[in-house]
Amino acid sequence: MPEGHVIHRLARRLTEAFAGEPVAAASPQGRFSEGAALLHGRPLLAAEAHGKHLFAGFPAGWLHVHLGLYGKFAWGEPPAPAPVGQIRLRLVGEKAYCDLRGPTVCELLTPGEKDALHARLGPDPLRPDADPDRAWATVSRSRQPISALLMDQKVVSGVGNIYRAEVLFRHRIDPRKAGKDLTPREWKAIWADLVSLMADGVEAGRIDTVRPEHMPEAMGRPPRVDAHGGEVYVYRRAGLPCLVCGLAVRTESLQARNLFWCPGCQNSP
DNA sequence: TGTCAATGCTAAG
DNA sequence: TTAGCCTTGACAA
């Protein structure tokens, strides 16, 4: 489930598992054999995330991974079993091993190339160096809908389809509202909420956005079994009643992504 | 067993 | 705007 919180969690886990010790690296699938050979036998020096991009520093350079839609790390304790299926990269240390499957990107970068990548990414609510004013400078001048701007990694990085839908709902903002029509106050609230929601996501390993007072139990309704693993207001709840006002949640395809919102709670004149 | 959609993004057209 | 990447889980048959 790779939105930004997953990547930050991964950076943390890589550090815990492999920092400071020699790591065995291989590409059983073969598509990253050259890179793996360069990493092999050297220690992990550092790991960090910027938005949905994962960086792991080795003496040979920065391993850069982007999971895309279905990329995934699987973890276990050594000894690692014989590879099954398409494993792009396997890292094995003393305490743990991990298998990377299906990433959009798995490559080795020079420090300069890594810097260039950071430069084209917008501020990440999960990074202490993030500057929300930089994003606001773009948002406040854009005719694009805020729902599109939040998904644009050049504007804000790390927000995916779930956080986008949920943060707009939590602030009752119509997803079709243009960036330039947002008030500074609305933007500040969105940003602060992303910082808090995504930090919770890193800790919990899942996305929960429903305030306690809106949980079904608190509303006098039976508890809900949520299919995707977190408690959310609108994401993938099309046709179901809004947890706050009861109107049916709507969905619409916007720039090839499914947008979800409540027409009652998020309705700007 | 098969089909589809998915938390993302890029390159081709 | 669309196809493609390459994987998984949910659901239909």
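Residues numbered from 1 in each chain as written. Chains lettered and ligands numbered in written order. Predicted model: local features only at pLDDT ≥ 70, side-chain atom pairs only at ≥ 80, totals over all residues. Heavy atoms only, no water.

S.K.: Honestly, the sheet that holds strand β2 (residues 42-43) in this entry has me stumped. Any pointers?
M.R.: Adjacent strands of a sheet form backbone hydrogen bonds with each other and so pair up, either parallel or antiparallel. Overall, antiparallel pairing links the 5 strands, which are arranged β2-β1-β7-β8-β6 in an open sheet. Every other strand in the sheet has two partners, leaving β2 and β6 (72-76) as the edge strands with one partner each. Pairing of β6 with strand β8 (residues 97-101), which is carried by 5 bridges, proceeds in the antiparallel orientation. Of the residues in β8, the one forming a bridge with Lys 72 is Arg 101. (Pairing = 2+ DSSP bridges. Helix = DSSP H or I, 4+ residues; strand = E, 2+ residues; numbered from the N terminus.)

S.K.: How should the sheet that holds strand β3 (residues 46-50) be read in this particular structure?
M.R.: The antiparallel open sheet is built from 4 strands, whose spatial order is β3-β4-β5-β9. One side of each edge strand has no neighbouring strand; the edge strands of this open sheet are β3 and β9 (105-109). Across the sheet, the mean angle separating the axes of adjacent strands is 20° when strand polarity is ignored. Here 5 bridges tie β3 to strand β4 (residues 53-58), and the two strands are oriented antiparallel to one another. Bridging from a neighbouring strand, Ala 46 pairs with Gly 57 of β4. (Axes fitted to C-alpha atoms, helices over the stretch in contact; angles between N-to-C directions.)

S.K.: Got a minute to help me understand the protein's contact with DNA strand C in this structure?
M.R.: Taken together, Arg 31, Tyr 70, Gln 86, Arg 88, Arg 101 and Gly 102 form the complete shell of residues around DNA strand C. Within 4 Å of the protein, the contacting atoms of DNA strand C are drawn from sugar and phosphate to the extent of 50%. Tyr 70 places a polar side-chain atom, nitrogen or oxygen, 3.0 Å from a base oxygen of DNA strand C. Gln 86 has a polar backbone atom sitting 3.4 Å from a phosphate oxygen of DNA strand C. Its residues assigned to classes, the surface near DNA strand C comprises 1 nonpolar, 2 polar and 3 charged. (Near = heavy atom within 4 Å. Polar contact = N/O pair within 3.5 Å; in protein donor to acceptor, adjacent residues only side chain to side chain. Nonpolar A, V, L, I, M, F, W, Y, C, P; charged D, E, K, R; others polar.)

S.K.: What's the story with the UniProt feature "domain: FPG-type" (unreviewed entry) in chain A in this structure? I'm lost.
M.R.: Per the UniProt record, "domain: FPG-type" (unreviewed entry) is annotated on residues 233-267. Secondary structure across residues 233-267 divides into 0% helix and 29% strand, with the first and last C-alpha atoms of the span separated by 16 Å. (UniProt positions renumbered as here; feature names shortened; annotations may be inferred.)

S.K.: Where do I start with the pattern of salt bridges in this structure?
M.R.: For side chains of opposite charge, pairing can occur when their charged atoms come near one another. Evaluation of the coordinates by the stated rule reveals 13 salt bridges. A salt bridge links Asp 99 to Arg 90; the shortest N-O distance between them is 2.7 Å. With relative accessibility at 10%, the residue Arg 90 sits in the buried group. The partner of Asp 181 in a salt bridge is Lys 180, and the shortest N-O contact between them spans 3.6 Å. Classification of Lys 180 as partly exposed rests on a relative accessible area of 41%. (Salt bridge = Lys/Arg side-chain N within 4 Å of Asp/Glu carboxyl O. Buried < 20%, exposed > 50% of the residue type's maximum accessible area, 1.4 Å probe, protein only.)

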